[in-house]
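# Descriptive structure summary
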Amino acid sequence: MSKLLPYVCPKWAQNLNHIPKYRIQLANPDTPIHRWSLPGTPSKFEVSIKRDDMTGSTLSGNKVRKLEFLMADAVSRKCGHVITCGGVQSNHCRATAVAARQLQLQPHLLLRTDVQDQSKIGSEGNLLLDRLCGSNMYIVPRKSPYETELKPRMETLAKKLREETGKEAYLVPVGGSNSVGLFGYITVFEELISQGLFDQFDDIVFACGSGGTAAGLAISNHLTGSRIRCHAIIVCDDKAYFTDHINQTLCSVGLDTVHCQDILDIIEGHKGRGYGLSTSEELEFIMNVSQQSGIMLDPVYSGKAARGLMEELRSNPDRFQGNRILFLHTGGVFGMYDGSLDSVVKAETKDLVHMWPSIDSSPE
Ligand SMILES: *Cc1c(COP(=O)(O)O)cnc(C)c1O
């Protein structure tokens with residue numbers, strides 16, 4: 001399972017700085033692309049979906065793509081621990097914990113929440129997998145910024161683990177979105193090309209939470225000279241934050257003359273009540289999409305992004321390069337089990353539950 005593979009980067013990316021030496025295969029590659037009837041889409045558009053919710057089961061979604069490079073880096077440096085951080089229902093923390101255990105590393109997760117007492121931390125959604133993996137969990141205030149609050153804690157913890165266990169810890173930044181994780185979505189872009197991207201699509205649309213998926217796709221799209229447009233629908237922070245983050249990534253890989261605004265359309269206005277918070281309209285949309293198409297979206301990322309896509313296609317059609325749209329499903333399936341969908345789902349389906357106690361009677 002822990003086999004370090006030499007990484008061969010695509011020709012068009014060979015001039016980037018800091019190309020990783022190794023990769024570990026963790027994702028199921030070549031996730032399918034198929035047509036998708038996204039409810040509310042105007043008839044002039046054709047929407048398809050790239051199923052990166054199918055990169056795995058417990059190790060699914062977009063984070064596993066980045067972890068192929070991050071975990072290879074950790075293993076090649078002979079680390080014994082992996083430390084990362086995220087929201088209490090973080091898909092990234094869960095994927096990191098699962099990957100760490102597959103590679104015989106110990107996972108340590110800094111989880112942001114306003115809960116005051118550790119006995120109130122539940123075991124729903126991603127937390128069930130974090131706990132099953134025996135992750136060490138450290139509860140930190142929900143609003144802790146990464147640079148000033150989380151990163152210093154991760155460094156303190158790394159020092160403590162080194163002193164106590166004699167083993168090094170590998171630090172993965174929020175969402176795995178640094179210049180190592182970047183190569184995850186460079187790899188996906190290569191995969192998309194082999195699946196016919198250039199002949200079949202005009203626009204790619206996806207959720208953006210820490211910017212790594214956006215950076216990988218937009219940089220690849222730029223380097224290949226493709227005429228496709230990339231659109232990142234943000235679910236937290238704001239456009240200025242992601243512009244800055246992606247410009248920093250561009251600098252770190254040596255593309256300092258390229259600017260975020262020239263390679264990526266960042267779409268604001270669809271985060272609703274804020275990160276990890278849902279409105280009843282958003283939850284009803286998720287339910288409607290499940291019923292109309294059999295595609296399940298998570299409330300934190302893909303649900304908001306798909307709803308944002310539908311609204312932009314209606315109100316802002318000129319924002320798109322053409323009418324053949326590829327939506328990237330970034331996963332998040334365990335976010336559906338965090339309880340936030342329960343009341344809407346129960347209310348909407350109460351007439352669908354029938355008692356049928358006896359074989360001699362019809363269902364009620
Ligand atoms: C983390 C995440 C995203 C956002 O991807 P970034 O690379 O962090 O911007 C989107 N969807 C899901 C399900 C995620 O877990």
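Residues numbered from 1 in each chain as written. Predicted model: local features only at pLDDT ≥ 70, side-chain atom pairs only at ≥ 80, totals over all residues. Heavy atoms only, no water.

## A word on the overall build of the chain
- Counting its regular elements, the chain contains 12 helices and 12 strands.
- A compact globule built from 364 residues would reach a C-alpha radius of gyration of about 21 Å, and the chain, at 21 Å, matches this within 12%.
- Across the 364 residues of the chain, 53% fall into the buried class.
- Surface accessibility of the chain: about 16600 Å² in total, with carbon and sulfur atoms responsible for 50%. (Helix = DSSP H or I, 4+ residues; strand = E, 2+ residues; numbered from the N terminus. Rg over C-alpha atoms; globule rule 2.2 N^0.38 Å. Buried < 20%, exposed > 50% of the residue type's maximum accessible area, 1.4 Å probe, protein only. Areas by Shrake-Rupley, 256 points an atom, 1.4 Å probe, with all protein chains shown as cover.)

## Some details on the packing of helix H10 (residues 280-293) against helix H11 (residues 302-315)
- Following both chains from N to C, one finds H10 and H11 inclined at 90°, their axes separated by 10 Å at the closest point. Between H10 and H11, the angle is such that the two are roughly perpendicular. Residues Glu281, Glu282, Phe285 and Ile286 of H10 form the contact with H11, whose own contacting residues are Gly303, Lys304, Ala306, Arg307 and Met310.
- Here the residues of the contact of H10 with H11 are counted per class, giving 4 nonpolar, 1 polar and 4 charged. (Axes fitted to C-alpha atoms, helices over the stretch in contact; angles between N-to-C directions. Parallel < 35°, antiparallel > 145°, perpendicular 65-115°, else oblique. Contact = heavy atoms within 4.5 Å. Nonpolar A, V, L, I, M, F, W, Y, C, P; charged D, E, K, R; others polar.)

## Some words on the pairing of strand E10 (residues 229-234)
- Across the 6 residues of E10, 5 count as buried, placing the element largely inside the fold.
- Judged from the 6 bridges that link them, strand E9 (residues 203-208) and E10 form a sheet pairing that is parallel. Each residue of the ladder has a partner; that of Phe206, found in E10, is Ala232.
- Following the backbone out of E9, through helix H7 (residues 212-223) and into the adjacent parallel E10, one traces a crossover that is right-handed.
- As paired elements, E10 and strand E11 (residues 265-267) share 3 bridges and run parallel to each other. Across the sheet, residue Ala232 finds its bridge partner in E11, namely Ile266. (Pairing = 2+ DSSP bridges. Right-handed = clockwise from strand over helix to strand, strands pointing away.)

## Section: the site of the ligand
- If you check the shell around the ligand, you find 16 residues, and the closest are Lys63, Lys66, Ser210, Thr213 and Thr330.
- Gly209 has a polar backbone atom sitting 2.7 Å from an oxygen atom of the ligand.
- In this structure, Gly211 approaches the ligand through a main-chain N or O atom, which is 2.8 Å from an oxygen atom.
- Look at the ligand: alone it shows 380 Å² of surface, and the protein chains cover 98% of it.
- Going through the elements one at a time, helix H1 (63-76), E9 and H7 are the ones with two or more residues in the shell around the ligand. (Near = heavy atom within 4 Å. Polar contact = N/O pair within 3.5 Å; in protein donor to acceptor, adjacent residues only side chain to side chain.)

## A closer look at the environment of Ile295
- Tracing the chain through its elements places Ile295 in the loop between H10 and H11.
- Considering only alpha carbons, one finds Ile295 and Ser90, 205 residues apart in sequence, at a separation of 21 Å.
- Apart from residues no more than four positions distant in its own chain, Ile295 is found in contact with His34, Trp36, Ile49, Arg51, Val289, Ser290 and His329.

Function cannot be inferred from these measures alone, as they are strictly geometric.
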